[in-house]
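# A look at the structure
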Amino acid sequence: MPIHLLPEEVASQIAAGEVVERPASVVKELIENALDAHARQIVVRVENAGRRAIEVADDGDGIPQSELALAVMRHATSKLQTAEDLFRIATLGFRGEALASIASVSHFSLVSRPAHQSVAARIRVDGGKIGTVEVVGAPVGTLVRVEDLFFNVPARLKFLKRDQTERQQIDALVTRYALAYPQVHFQLYHDGTPIFQTTGNGNQREVLAQLYDVEISRQMLEVEYEDEIVSVSGFTSPVGLTRSNRKEITFFVNGRWVQDTALSTALLQAYHTLLMVGRYPMAILFINLHPEEVDVNVHPTKAEVRFRNPDRVFSAVSRAVRRALMTSNPVPSVVPPSVWQRPLSTPQIDPAWEMSHQAQNLWTTFEQTGETTASPTPENLPQGTQSPLPSGVLPLLRLVGQVAMAYLVAEGPDGLYLIDQHAAHERVLFERFIQKKGEGIPAQTLLEPALVHLSPSQARLLEDKVDTLNRLGFHIEPFGPSTFRVSAIPALLSGADPVQAVRAVVEDFEEDETPLQSEVEARLIARICKRTAVKAGQVLSPEEQRALLRDLEACQSPRTCPHGRPTMIHLSADLLERQFGRKGAR
Ligand code: ADP
Ligand code: MG
């Protein structure tokens, strides 16, 4: 075939493919246009999962009759003049392609009326062929109707998923935009049935309750963070509220919904060791930064962005979320929350303790997450963002004793603590490892090297991990087929059975899909700690009990083991009083 220019229609269909992938992409572009036009009310009507029709009506600025024909042409926009403008974009749209793209693959009509026009005008486009403009009656605002999407690109139709899936995509989109723009009154209908609506009164938590339910909305922690270049706000779930996938993790950057795995990773780092393997938080976070700090023109659907200082942004996200988690890390209670007088999320801290322990070490937790920038201490936190003392830490505890060879009983200023000795020791070992990691973990040479015999597949697993283990203070080397020689173990584990520790690593990794390389080390550590920590059923001497308690107090996240299970149960003095009838029960 000789080289030839593609007919305009073909070219625009190809281009449309980049912007309009499925019904939800149409909804997204139309909602973004309405938001750019300062709409206070947006009504989305979907028929047959968007295959039959999608209609978005708004009460925004409208398009003058004289500009209607332009609006549906490619590269026609009112939002940008020069290429430099791209770096001060304050609108969601700027490419001037959405309407043209949608109109080239559907039966499209747009009715619009700006406030200064007494009547509205309508333009129709059929598979890219622009029709004439007619005057019609309509309220101020814009109504776009998209029928028979992809009627002229049957190949695309075949790629659409089941109706239910397409509907879910649309629902996810509308609800998230509703959360991001709580001051806008959103309504969503499927085949005439109302599915979701918000009041537009600006209350985000109310929208959250619409989106999930009241209980979840109540539990979600508020995120509030700001530094010189970026602010992060929104909601994130407490460690007890998780999902089995990342679908409930949403990011908006400067009001734009973006998909960015690096941002999710930053979020997950904040939960590092607090969640069980395979569980994910729910979060919706709004990141705002100067338009010059972010390149939004990376992808035709504008779903990806590039940051000028990605590390700064990622660490801000981790830090913001971590802080939200630290300020509310309630110890699980053994009674229904209704009998609690204080809200669960504000465990009391002894004021005397608070003075003496002015949180010097709390922020070093962020170093554990592998961040490079200096961690803020309470003194150098930006003004106005200084958060209250994170209450994830423990007050000073007085040991009472051990029960059932499994739990320590201790008294704190605010009641009784029952501590799971195994989980607590796990946490202590884990934090020591992490702390020592930077300086190099000291190894303790064994008087007599131990041999570990493994099955061939186990041996391959261990081979893979030997380098990492050796960095963590082990000294392991191959010693004949499927056999390894352990000549040193981390000094932190002194006294532990070396063979047991190595087997622990192998067996745990056997049960598992391959974790991310970056997680391997932390997970190795968590596993080693689990296997070498004192077990339930082990009698501890009073000295050992006291030492464990002291060590736990020194931990930064003492209330959960590295796998996310609680290390303790707290019976508040208040609860005890109620249970004994010393205080009127409600
Ligand atoms: P972009 O949003 O990138 O500018 P679009 O193709 O989505 O490109 O829209 C083209 C133009 O049409 C916009 O720049 C805007 O001026 C106008 N427009 C589109 N939708 C609306 C709307 N709902 N209300 C007011 N103006 C709109
Ligand atoms: Mg647009």
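See the structure printed just above.
Keep in mind that what you see is a predicted model, and the values were worked out from it rather than measured.

On to the packing of aromatic side chains. Under the criterion given, the structure shown has five aromatic pairs. Note on Tyr177 and Phe252: the rings are 5.2 Å apart at their centroids and 80° apart in plane angle, and the pair reads as edge-to-face. One end of the pair, Tyr177, is in helix H6 (residues 163-180); the other, Phe252, is in strand S12 (residues 249-253), with 75 residues separating them in the sequence. You can call Tyr177 buried: its relative accessible area is 0%. Owing to a relative accessible area of 0%, Phe252 belongs among the buried residues under this scheme.

Attention now moves to the site of ligand 1. What surrounds ligand 1 is a group of 19 residues, the closest being Asn33, Thr77, Ser78, Lys79 and Gly96. Within the contact set of ligand 1, an oxygen atom lies 2.5 Å away from a side-chain nitrogen or oxygen of Ser78. Between Ala98 and ligand 1, the recorded distance is 3.2 Å, taken from a backbone N or O atom to an oxygen atom. Here ligand 1 loses 93% of its free accessible area of 530 Å² to cover by the protein chains.

Turning to the sheet that holds strand S13 (residues 256-258), a few remarks are in order. In space, the five strands of this open sheet follow the order S9-S10-S15-S12-S13, with mixed pairing throughout. Unpaired on one side and paired on the other, strand S9 (221-226) and S13 mark the two borders of the sheet. Each neighbouring strand pair of the sheet contributes to a mean axis angle of 20°, computed without reference to strand direction. In terms of strand pairing, S12 meets S13 through three bridges, oriented antiparallel. If you follow Phe252 over to S13, its bridge partner there is Trp257. Along the sheet, helix H7 (residues 204-211) contacts S9, strand S10 (230-236) and strand S15 (283-289); its crossing angle with S10, the most-contacted strand, is approximately 45°. Contacts between helix H9 (residues 261-270) and the sheet are confined to S10, S12, S13 and S15, with S12 contributing the most and set at about 120° to the helix.

What follows covers the nonpolar core. One broad trend across soluble globular proteins is that nonpolar side chains are buried collectively. In this structure, Ile31, Ile42, Phe108, Tyr177 and Phe186 are the most contacted members of the largest nonpolar core, which totals 61 residues. What Tyr177 contacts, discounting residues up to four positions off in sequence, is Lys28, Ile31, Glu32, Leu35, Leu92, Phe186, Phe252, Gly255, Arg256 and Trp257.

The next subject is the pattern of salt bridges. Per the stated rule, a full pass over the model turns up 25 salt bridges. Of the charged contacts in the structure, one is a salt bridge between Asp148 and Arg52, with a shortest N-O distance of 3.1 Å. Pair noted here: Asp148 is in the loop between strand S6 (141-147) and helix H5 (154-159) and Arg52 is in the loop between strand S1 (41-47) and strand S2 (53-58), with a separation of 96 residues, a long-range link. The class of Asp148 is partly exposed, set by a relative accessible area of 26%. Notably, a salt bridge pairs Glu228 with Arg312, separated by 3.2 Å at the nearest N-O pair.

Right, let's talk about the pairing of S9 for a bit. Here S9 shows one buried face, formed by Leu221, Val223 and Tyr225, and one open face, formed by Glu222, Glu224 and Glu226. In this sheet, S10 lies alongside S9 in antiparallel orientation, the contact comprising six bridges. Residue pairing in the sheet places Glu224 in a bridge with Ser233 of S10. Where S9 folds back on S10, the antiparallel hairpin that results is connected by three residues.

What follows deals with the sheet that holds S1. Strand-to-strand pairing in sheets goes through backbone hydrogen bonds, with the strands running parallel or antiparallel. The mixed open sheet is built from eight strands, whose spatial order is S5-S4-S3-S6-S2-S1-S7-S8. Among the strands making up the open sheet, the edge pair consists of strand S5 (129-136) and strand S8 (193-197). Pairs of neighbouring strands in the sheet enclose a mean axial angle of 15°, with direction left out of account. Of the strand pairs in this sheet, strand S3 (residues 107-113) and S6 are connected by seven bridges, and their pairing is antiparallel. Note that in S6 the partner of Ser112 across the bridge is Thr142.

What counts, and where the lines are drawn
- Residues numbered from 1 in each chain as written.
- Chains lettered and ligands numbered in written order.
- Predicted model: local features only at pLDDT ≥ 70, side-chain atom pairs only at ≥ 80, totals over all residues.
- Heavy atoms only, no water.
- Phe/Tyr/Trp six-rings, centres within 6.5 Å; stacked < 30°, edge-to-face > 60°.
- Helix = DSSP H or I, 4+ residues; strand = E, 2+ residues; numbered from the N terminus.
- Buried < 20%, exposed > 50% of the residue type's maximum accessible area, 1.4 Å probe, protein only.
- Near = heavy atom within 4 Å.
- Polar contact = N/O pair within 3.5 Å; in protein donor to acceptor, adjacent residues only side chain to side chain.
- Areas by Shrake-Rupley, 256 points an atom, 1.4 Å probe, with all protein chains shown as cover.
- Pairing = 2+ DSSP bridges.
- Axes fitted to C-alpha atoms, helices over the stretch in contact; angles between N-to-C directions.
- Contact = heavy atoms within 4.5 Å.
- Core = buried A, V, L, I, M, F, W, Y, C linked by side-chain atoms within 4.5 Å.
- Salt bridge = Lys/Arg side-chain N within 4 Å of Asp/Glu carboxyl O.

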